[in-house]
Amino acid sequence: MDGSERAATGETLDPADWSELRAQAHGMLDGMLDYVEQIRARPVWQPIPAAVRARFRSDLPTQATELATVYREFTENILPYTTGNVHPGFMGWVHGGGSVVGMLAEMLAGGLNANLGGRDHVPIEVERQIVAWARQMFGFPAGASGLFVTGTSMANFIAVIVARTAALGITVRASGLAASGKRLTAYASAAAHGCIRQAMDLSGLGSDMLRMIATDGRHRMDLDALRDAIATDRRAGLTPFIVIGTAGTVGIGAVDDLAGLATLCRREQLWFHVDGAYGALAVLAPDLAPSVHGIQEADSIAFDFHKWGQVPYDAGFVLIRDSNLHRAAFASQTAYLRRETRGLAAGSPWPCDYGPDLSRGFRALKTWFTIKVYGAQRLGAVISRTCAVARYLEGRVRAEPRLELLAPAQLNIVCFRYRCPDANAINAAIVADLHESGIAAPSTTMINGQVVIRAAIVNHRTQPCDIDAMLEATLRFGDAASTKTREGGSATTKTEAPSR
Ligand SMILES: Cc1ncc(COP(=O)(O)O)c(C=O)c1O
């Protein structure tokens, strides 16, 4: 077939028979609603059978396959083997549970196929609406700007770039760091997330220029140690430029003294950034908001709607107090992105002026639906309830002599372990047993050189009965593993799974 013959076929990717497609689509929607409605009956997670994994090593499909066939493959080989964070028994790392409202909005966004890099269309107004709501949540001024990104890792990176541009001037974008003749230093607590170090690395400032400041007994950045580190760097001819406070550390959910950091930054004339990946949204819960007091004074905040906000992945966000600085750090002129005062190319500044992405999806829609349908008050109540469930877990751990509490619930994270000789190996094995049993999925972390079981209650579905199931299995696996080690076996071998 030559070019003009091919053009004349009129062939597109739309279905030949819309009614057949419609029936299939309704079935798929019902399938996902069933999945979420009945999620509690499923294992939280299950190991991927070798045969299933092998199905994803096939050659490039050159020929068409019926949608119904591909959907069946999805239900058989993808749906049962996900991370499990929709499940109420998922308590690992910091994963949000999502919601059916967010899921439906994702479908609508997929239909619109909007590109939110720029131009004049309402999807960008929806994103601007979320920027305005974020300003309102955090008490930021009208001149503040914001941007959806993949997650807080990217949001922190963007904030570091803006702070760098503020410190060195916009010329640094063309001339590079070396031309400035300055070496910038950053400060975060020893409990800060690894993406802060990565932001320093990726921005060319160097991860060695990040000072990891010691923490106090509550895992919060020690302000005296911070002051000393800044003074030492200044004496050495370095240029301190940013302090990064954390609202909800990834390890145990500690919140730095944000008001104290704000005052210190003002006095030292440093950029004050808050990594509030999940903790920032505590501002929505009246009982928790005081714990993040001071966040309203930040120069920038990074956080995720996909964690405590329960918006489906991904929906990271960065809020910058000074939109002019924000734009100065990223905007650039190109002929093919010329701005007009009318027509589709109007509406400048565009989101691409505030970050490195030009093609951007419609993350704002699922966030807009979530906030409108549930309301900020109800989302705040969900956040507050996850902390209450964490306190329930803490109470149960305190009451059980076979368990030891390593970190009480400052927000929604509790770290504990099963008491026994060889506790590091046995607690790691207990967590793997919990995963493989499908009963619960906490994660592990290290506290003072000890492997601990870490439960982060982020999912709005998690109930006290899920905590009970996790603890009952923890004790059962722990008892079995320590009996086995006493008898000379290995703690890391799989123990018999109780049924859920
Ligand atoms: C405190 C903190 N910062 C940053 C991140 C990274 O966020 P994301 O995974 O959305 O990039 C996390 C993730 O859990 C976190 O807890």
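Residues numbered from 1 in each chain as written. Predicted model: local features only at pLDDT ≥ 70, side-chain atom pairs only at ≥ 80, totals over all residues. Heavy atoms only, no water.

Before going further, it helps to examine the pairing of strand 3 (residues 210–213). When strand 2 (residues 184–189) meets strand 3, the two strands line up parallel, connected through four bridges. Along strand 3, the bridge assignment pairs Ala186 with Leu210. Traced from strand 2 through helix 10 (residues 194–202) to strand 3, the parallel crossover comes out right-handed. (Pairing = 2+ DSSP bridges. Helix = DSSP H or I, 4+ residues; strand = E, 2+ residues; numbered from the N terminus. Right-handed = clockwise from strand over helix to strand, strands pointing away.)

A sheet is described by the order of its strands in space; here four strands give the open sequence 8-9-11-10, paired in antiparallel fashion. Every other strand in the sheet has two partners, leaving strand 8 (403–407) and strand 10 (443–447) as the edge strands with one partner each. Averaged over all pairs of adjacent strands, the angle between their axes in this sheet comes to 45°, without regard to strand direction. Sheet topology places strand 8 next to strand 9 (residues 413–418); four bridges connect them, and they run antiparallel. For Ala407, the partnering residue across the bridge sits in strand 9 and is Cys415. Sheet contacts for helix 16 (residues 464–486): strand 8, strand 9 and strand 11 (450–456); angle to strand 9, the most-contacted strand, approximately 30°. (Axes fitted to C-alpha atoms, helices over the stretch in contact; angles between N-to-C directions. Contact = heavy atoms within 4.5 Å.)

A few words on the sheet that holds strand 1 (residues 145–149). A sheet is described by the order of its strands in space; here seven strands give the open sequence 1-7-6-5-4-2-3, paired in mixed fashion. Both outer strands of the open sheet, strand 1 and strand 3, are each paired with one neighbouring strand and no more. Direction aside, the axes of adjacent strands within the sheet are offset by 20° on average. In this structure, strand 2 lies alongside strand 4 (residues 239–246), joined through five bridges in parallel fashion. Counted as the bridge partner of Leu184 is Thr239 from strand 4.

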